[in-house]
Amino acid sequence: MSSPPTRSVDGRLGSPFPHRHLTGIAGLQPHEIGFLLDEAEQWVQLNRGTAKHDDRLAGLTLINAFFENSTRTLLSFEIAGKRLGADVVNMAVAQSSVKKGETLIDTAITLNAMRADMIVIRHESSGAVQLIADKVDCPVLNAGDGRHEHPTQALLDALTIRRRKGRIEGLIVAICGDVLHSRVARSNILALTALGAEVRVVGPPTLLPPAIERMGVSRFTDFDAGLDGVDVVMMLRLQRERMAGGFVPSPREYHALYGLTYERLAMAAPDALVMHPGPMNRGVEIASNVADDLERSAITEQVEMGVAVRMACLDVLTRARRGVAGW
Amino acid sequence: MVSALAITGGRVVTPKGVVDGGVLVRDGHIAAIGGFDIPADAERIDAEGTLIVPGLIDVGVFAIDRPAFVAGGITRAVLMPDNGGIETVALVQHAAAAGKPKVWVHPLAAATRGLKGGELAEIGLMARDGACGVATGRSWIADSGVMYRLLGYAGALGLRTVTHAEDGGLAGQAVMTDGETATRLGLAAAPAEAEALAVARDLLLVEATDAPLHFRQVTTGRALELIRAAKRKGLPVSCGITPAHLFLSDNAVSGFRTFARLSPPLRDESDRQACLAAIADGTIDLICSGHDPQGPEAKRLPFVDAEPGMAGAETLLALSLGLVRDGLIGFERLFDLLAGAPARLFGLPGGALTVGGEADLLIVDSEAPWRIESDRMIATAGNTPFDGLPVQGRVTCAIKGGMPIL
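Note that the structure is a prediction, hence the values are computed from the model and not measured.

Enquirer: Can you walk me through the overall build of chain B in this structure?
Expert: The helix and strand inventory of chain B stands at 13 helices and 18 strands. C-alpha extents for chain B along the principal axes are approximately 65 × 45 × 40 Å. In chain B, the proportion of contacts linking residues at least 24 apart, taken out of those at least 6 apart, comes to 70%. Taken as a whole, chain B presents about 14,500 Å² of accessible surface, with 51% of it coming from carbon and sulfur.

Enquirer: Could you clarify how one ought to interpret the pairing of strand S1 (residues 61–66) of chain A in this entry?
Expert: Two faces make up the sheet, and in a regular strand the side chains alternate between them. Residue and element names in this part refer to chain A. Most of S1 is tucked away: five of the six residues are buried. As a crossover connection, the stretch from S1 through helix H2 (residues 72–83) into strand S2 (residues 87–92) is right-handed. Sheet topology note: the S1/strand S3 (residues 118–123) ladder contains five bridges and is parallel. By the bridge assignment, isoleucine 63 is partnered in S3 with isoleucine 119.

Enquirer: Honestly, the interface of chain B and chain A in this entry has me stumped. Any pointers?
Expert: How big an interface is tends to be stated in terms of the accessible area lost upon association of its parts. Chain B puts 24 residues into the contact, and the matching count from chain A is 23 residues. When residues of chain B are sorted by the area they lose upon contact with chain A, Thr183, Arg184 and Arg300 of chain B head the list and together hold 32% of the total. For the pair chain B and chain A, the number of links is one salt bridge. In this structure, glutamate 180 of chain B and arginine 214 of chain A form a salt bridge, with 3.0 Å as the shortest nitrogen-oxygen distance. Remark: the boundary between chain B and chain A carries five residue pairs in polar contact (both at pLDDT 80 or more).

Enquirer: Explain the sheet that holds strand S5 (residues 172–176) of chain A here, please?
Expert: Strand pairing in a sheet takes place through backbone hydrogen bonds and is either antiparallel or parallel in direction. All names here are of chain A. An order of S7-S6-S5-S8-S9 is seen for the five strands of this open sheet, with the pairing classed as parallel. Only two strands of the sheet have a single neighbouring strand rather than two, namely strand S7 (218–220) and strand S9 (273–275). Sheet twist, expressed as the mean angle between neighbouring strand axes with direction ignored, is 20°. Where S5 and strand S8 (residues 232–235) come together, four bridges link them in parallel fashion. Across the sheet, the residue bridging to isoleucine 175 is methionine 234, located in S8.

Enquirer: Explain the nonpolar core here, please?
Expert: Nonpolar side chains tend to gather and get buried jointly when the protein is soluble and globular. Residue and element names in this part refer to chain B. Among the nonpolar cores identified, the biggest contains 96 residues, and Phe215, Ile279, Ile287, Leu334 and Phe335 are the most heavily contacted of them. Here the element with the most residues in this core is helix H12 (residues 316–325); it accounts for seven residues. Setting aside anything within four residues of it in sequence, one finds isoleucine 287 in contact with Ile241, Thr242, Pro243, Leu246, Ile279, Leu316, Ser320, Leu323, Leu334, Leu337 and Leu338.

Enquirer: What am I meant to see in the packing of aromatic side chains here?
Expert: For any pair of aromatic rings, the description rests on two quantities: the centre-to-centre distance and the angle between the ring planes. This model, assessed by the stated rule, comprises three aromatic pairs over all chains. Ring geometry for phenylalanine 223 of chain A against tyrosine 258 of chain A: centres 6.1 Å apart, planes inclined by 50°, an arrangement best described as tilted. Here phenylalanine 223 of chain A, found in helix H7 (residues 223–227), pairs with tyrosine 258 of chain A, found in helix H8 (residues 251–258); they are 35 residues apart in sequence, far enough to count as distant. Across the pair, exposure class does not vary: phenylalanine 223 of chain A and tyrosine 258 of chain A are buried alike. Ring geometry for tyrosine 254 of chain A versus tyrosine 258 of chain A: centroids 5.9 Å apart, planes at 35°, classification tilted. Linking tyrosine 254 of chain A with tyrosine 258 of chain A, this pair stays in helix H8, spanning four residues, or about one helical turn. Three or more aromatic residues joined by ring pairs make a cluster, and in this case those are Phe223, Tyr254 and Tyr258 of chain A. Its guanidinium or amino end placed over the ring of phenylalanine 62 of chain B, arginine 138 of chain B lies 4.1 Å from that ring's centre, counting from NZ or CZ. Above the face of the tryptophan 104 of chain B ring, lysine 400 of chain B is positioned so that its terminal group lies 4.6 Å from the ring centre.

Enquirer: Mind showing me how you'd approach the confidence of the model for chain B here?
Expert: Interpretation of the predicted coordinates at a detailed level should be avoided for regions scoring low in pLDDT. Averaged over every residue, the pLDDT of chain B is 95; residues scoring 70 or more account for 99%. The ipTM value of the predicted complex is 0.88, and its pTM value is 0.91.

Enquirer: What should I look at first to understand the pattern of salt bridges in this one?
Expert: Pairing between side chains becomes possible if they bear opposite charge and their charged atoms approach one another. Residue and element names in this part refer to chain A. Under the counting rule described, the total for this entry stands at 32 salt bridges over all chains. Note that arginine 162 is salt-bridged to glutamate 41, the shortest N-O span being 3.5 Å. A residue pair is termed long-range when its members are at least 10 positions apart, and arginine 162 in helix H5 (residues 151–165) and glutamate 41 in helix H1 (residues 30–48) qualify at 121 residues. Through salt bridges with shared partners, one network takes in Glu39, Asp54, Arg56, Asp315, Arg319 and Arg322.

Enquirer: Looking at this structure, I do not really get the side chain of serine 126 of chain A. What am I missing?
Expert: Assignment of secondary structure puts serine 126 of chain A in the loop between S3 and helix H4 (128–133). On the accessibility criterion, serine 126 of chain A (4% relative accessible area) is buried. Separated by 2.6 Å, the side chain of serine 126 of chain A and the backbone oxygen of glycine 186 of chain B make a polar contact. Apart from residues lying up to four places away in sequence, serine 126 of chain A is in contact with Asp145, Gly146, Arg147 and His148 of chain A together with Leu185, Gly186, Leu187, Phe256 and Phe303 of chain B.

Enquirer: What exactly am I supposed to notice about the sheet that holds strand S6 (residues 56–61) of chain B here?
Expert: Residue and element names in this part refer to chain B. Read across the sheet, eight strands follow the order S6-S7-S8-S9-S10-S13-S14-S15 without closing on themselves; strand pairing throughout is parallel. One side of each edge strand has no neighbouring strand; the edge strands of this open sheet are S6 and strand S15 (286–287). Summarising the sheet, strand S14 (residues 237–241) and S15 pair through two bridges and their orientation is parallel. Note on S15: the bridge partner recorded for isoleucine 241 is isoleucine 287. Taken strand by strand, helix H4 (residues 144–156) contacts strand S9 (133–135), strand S10 (161–163) and strand S13 (213–215), and its axis lies near 145° from that of S10.

Enquirer: How should I be thinking about the environment of proline 404 of chain B in this particular structure?
Expert: All names here are of chain B. Tracing the backbone shows proline 404 in strand S18 (residues 403–404). By relative accessible area, which is 42% here, proline 404 ends up partly exposed. Once residues lying within four places of it in the same chain are set aside, the contact partners of proline 404 are Ala398 and Ile399.

Criteria and cut-off values
Residues numbered from 1 in each chain as written. Chains lettered and ligands numbered in written order. Predicted model: local features only at pLDDT ≥ 70, side-chain atom pairs only at ≥ 80, totals over all residues. Heavy atoms only, no water. Helix = DSSP H or I, 4+ residues; strand = E, 2+ residues; numbered from the N terminus. Contact = heavy atoms within 4.5 Å. Areas by Shrake-Rupley, 256 points an atom, 1.4 Å probe, with all protein chains shown as cover. Buried < 20%, exposed > 50% of the residue type's maximum accessible area, 1.4 Å probe, protein only. Right-handed = clockwise from strand over helix to strand, strands pointing away. Pairing = 2+ DSSP bridges. Buried area = accessible area lost by both parts, 1.4 Å probe. Salt bridge = Lys/Arg side-chain N within 4 Å of Asp/Glu carboxyl O. Polar contact = N/O pair within 3.5 Å; in protein donor to acceptor, adjacent residues only side chain to side chain. Axes fitted to C-alpha atoms, helices over the stretch in contact; angles between N-to-C directions. Core = buried A, V, L, I, M, F, W, Y, C linked by side-chain atoms within 4.5 Å. Phe/Tyr/Trp six-rings, centres within 6.5 Å; stacked < 30°, edge-to-face > 60°. Lys NZ or Arg CZ within 6 Å of the ring centre and 35° of its normal. pLDDT = per-residue confidence, 0-100.

Here it is in structure tokens:
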């Protein structure tokens, strides 16, 4: 559109998180990312107890507007909202008027008119969430837009690494696989480099974006070389439709060249952590025995941290609206 | 019709240099330039020290947008065949009549039926009824055999072919140029080489057919290097560019600004610099607006769903004047880029202020400051990638065939 790129910073410059929306990791300062991670810790504790409830969002309405199919992220946001006492409504695209040709802007205006207090959006187009955020009065959280960003995934990954490794600064993290089409990769590159990690991207040349080095990472097309000595191996999902010859010749060849097996993992540091945003293609990008190794794999912990991080984001972004002192 | 019109007290930009004085117009033609005796019956306009220049000729517009053309000083527009598909004689005649009397529209005939790049359209019949050239449309012709036959056929009729320089296979579903911005935004992008690849093929076909070819917009250093070499060899090739590709690079897309989604897409800074160099050394023949107004229903969408294109007619002159202000070229060369070369390449009247020539001229206050504002544009839509930019240079008076139109 004609307007200059919108910064979500508003007037509350003194607050530890002076942003109205969470549309991406881009634009966040390292201490702001750290603040969200710190906030999430309390929710990890709450979620591990028996009475998993807090009513700070009582009376507020959370709309999950998912224009693209999702099971785990939608569920994670729904649980996060409910555990904080919000009224959660899920709008799935199958039931929406978007199918009838309504424009995204009209949908945004409609959701706004229903007086949502938070809107979580997933959309297949890069930039679509920003487009909506510019048109609504309440905080908007990006649950994934095209290949652009998936900020809560990067936050939950950072929290997982921080808890397992005790730090992020100075670690070497390899993000492996289909980086080209991955919003998870982009948000993770931004968050991890901001927090002081050394990030590598590893994958077949057809699945690495051009000029990716300009995001402050190093690029490897040889899997073994990319894994050499890393502290964290973050695998990415390879979409089925991209295995059929367009980008890589076959799932079989992909597994042989870029699949994470124990033999491959031996290249990494002895205590290297294995991560995957899910859902996994077992036997394609990751071997089952590696994925299920409780010592090495943090995959289920990532899911757990997801709920905590999303609770923190919903809490922090609604503080001004709820009149919390200092916000 | 005013029988005589004397414009005095200005600086006249002619092909031979800038001349102090004015222009005397009689019967729709230029009767004198510089100093002359003002006939008693002449109507007078005092240019007050500003520029008197030829009316602009804009090659490759996608819409007939008369108010925007008049405001931008465009007195003749060469129309692309895309909107509505100019592939019959009746459509050529209709398009040619659409802008008169203020703006003359010179349609380009569709090169192939339905612009599909397959069978040849009735090029000869359309040329007989006023088409000034043929065009492939918004995309190139993928089939080299079709392009080869098209060039030969159109060339034999004395028609210049206008093509879009982008390899369709490499460009694919891309919405911008490969690079840091595309990677950060997560937008599908194609390597800038898609342009040079198309240019290289078409230059070989020009060599084989000796038919004249115009690349509507060339925007990369690689492709310009190929064209520079082809011109040195004497091949009948020409190329254009828009101010957007001269003044903006691909980072203008940051924030998913759909107004900066163009075709060909904005390039990186080194290509932009190469384009400026090609303006200075004469490799680029003309500057065009690429006028393609797109309303909110086509632009207020996620970036990948938005239509490419910009409303460029009314900003063409002011932006191009920046090239003179920056010292890159002089007024003479600028108005050859904006009027002289287009007239020569497409065989149109006007394009230069010469005695006996068509009286299509503008009085331009080249210093007048204003701000480009999307929602105050005269064009049918305000999709400009330059929204908010302060510029200098305004048309204060426009005369078409001796008649004041602004």
